[in-house]
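The residues making up each chain are set out below.
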Amino acid sequence: MLPGYRALVRGGAGALKIETLEREVGTMKGALYSHFKNKADLQTQTLAFWDRFATAEIAAAVRRSGPDARRQLRALVARLPDG
């Protein structure tokens, strides 16, 4: 799932394509279809991974910031995407 996550970060949802990931991991054309039913399945699984990963990272950052609520809020806001 990490190659899909990297593609998502670099190019957004439009970069989540079987062909893109095959180039990234160096597999033959069609090889990833044994892991994903289709492009929609790839996108769904990658976004679910991103959601779990991002949620865990944000929660850990807030915990590491300590018990002060303002520091926790700053840690949370620092992890939000720009814009």
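This structure is a prediction, so every number in the text was calculated from the model and none was measured.

> When you look at the packing of aromatic side chains in this model, what are you seeing that I'm missing?
The final tally for this structure, using the stated rule, is one aromatic pair. Between Phe49 and Phe53 the ring centres are 6.0 Å apart and the planes differ by 15°, which places this aromatic pair in the stacked class. One end of the pair, Phe49, and the other, Phe53, are both in helix 3 (residues 39–64), four residues apart, so they sit about a helical turn from each other. Take Phe49: its relative accessible area is 17%, and that puts it in the buried class.

> What exactly am I supposed to notice about the packing of helix 3 against helix 4 (residues 69–78) here?
The geometry of a pair of packed helices is captured by two quantities: the angle between their axes and the separation between those axes. Their axes nearest at 8 Å, the elements helix 3 and helix 4 cross at an angle of 150°. Classified by the interaxial angle, the pair formed by helix 3 and helix 4 is roughly antiparallel. Relative to helix 4, the crossing made by helix 3 is right-handed. In this structure, helix 3 uses Ile58, Ala61 and Val62 to contact helix 4, whose residues at the interface are Gln72, Ala75 and Leu76.

> Which parts of the structure should I look at to understand the packing of helix 1 (residues 2–11) against helix 3?
Orientation of helix 1 relative to helix 3, taken along the N-to-C sense of each, is 85°, at an axis distance of 9 Å. Between helix 1 and helix 3, the interaxial angle falls into the category roughly perpendicular. Note on element contacts: helix 3 touches helix 1 through Thr46, Leu47, Phe49, Trp50 and Phe53, opposite Leu2, Gly4, Tyr5 and Leu8. The class makeup of the residues in the contact of helix 1 with helix 3 is seven nonpolar, two polar and no charged.

> In this structure, what is going on with the environment of Pro3? I would like to understand it.
Structurally, Pro3 is set in helix 1. Pro3 sits in the buried class, given a relative accessible area of 17%. Residues Pro3 and Thr46, spaced 43 residues apart in sequence, show a C-alpha to C-alpha distance of 9.1 Å. Those residues in contact with Pro3 that sit more than four places away from it in its chain are Leu21, Glu24 and Val25.

> Would you mind showing me how to read the side chain of Ser65 here?
One can find Ser65 in the loop between helix 3 and helix 4. By relative accessible area, which is 10% here, Ser65 ends up buried. Excluding anything up to four places from it in sequence, Ser65 contacts Arg71, Gln72 and Ala75.

> Could you clarify how one ought to interpret a positive patch on the surface in this entry?
Judged by side-chain charge, Lys17, Arg23, Lys29 and Lys39 come together as a positively charged surface patch. Mapping Lys39 onto the fold places it in helix 3. Judged by its relative accessible area of 40%, Lys39 falls in the partly exposed class.

Reading the values: the criteria
- Residues numbered from 1 in each chain as written.
- Predicted model: local features only at pLDDT ≥ 70, side-chain atom pairs only at ≥ 80, totals over all residues.
- Heavy atoms only, no water.
- Phe/Tyr/Trp six-rings, centres within 6.5 Å; stacked < 30°, edge-to-face > 60°.
- Helix = DSSP H or I, 4+ residues; strand = E, 2+ residues; numbered from the N terminus.
- Buried < 20%, exposed > 50% of the residue type's maximum accessible area, 1.4 Å probe, protein only.
- Axes fitted to C-alpha atoms, helices over the stretch in contact; angles between N-to-C directions.
- Parallel < 35°, antiparallel > 145°, perpendicular 65-115°, else oblique.
- Left-handed = near helix turned anticlockwise from the far one by under 90°.
- Contact = heavy atoms within 4.5 Å.
- Nonpolar A, V, L, I, M, F, W, Y, C, P; charged D, E, K, R; others polar.
- Patch = residues over 30% accessible without salt bridge, like charges linked within 9 Å, V, L, I, M, F, W, Y side chains within 5 Å.
- Areas by Shrake-Rupley, 256 points an atom, 1.4 Å probe, with all protein chains shown as cover.
- Salt bridge = Lys/Arg side-chain N within 4 Å of Asp/Glu carboxyl O.
- Lys, Arg positive; Asp, Glu negative; His and termini not counted.
- Charge placed at Lys NZ, Arg CZ, Asp CG, Glu CD.

Everything listed is a geometric property; what it means functionally is a separate question.
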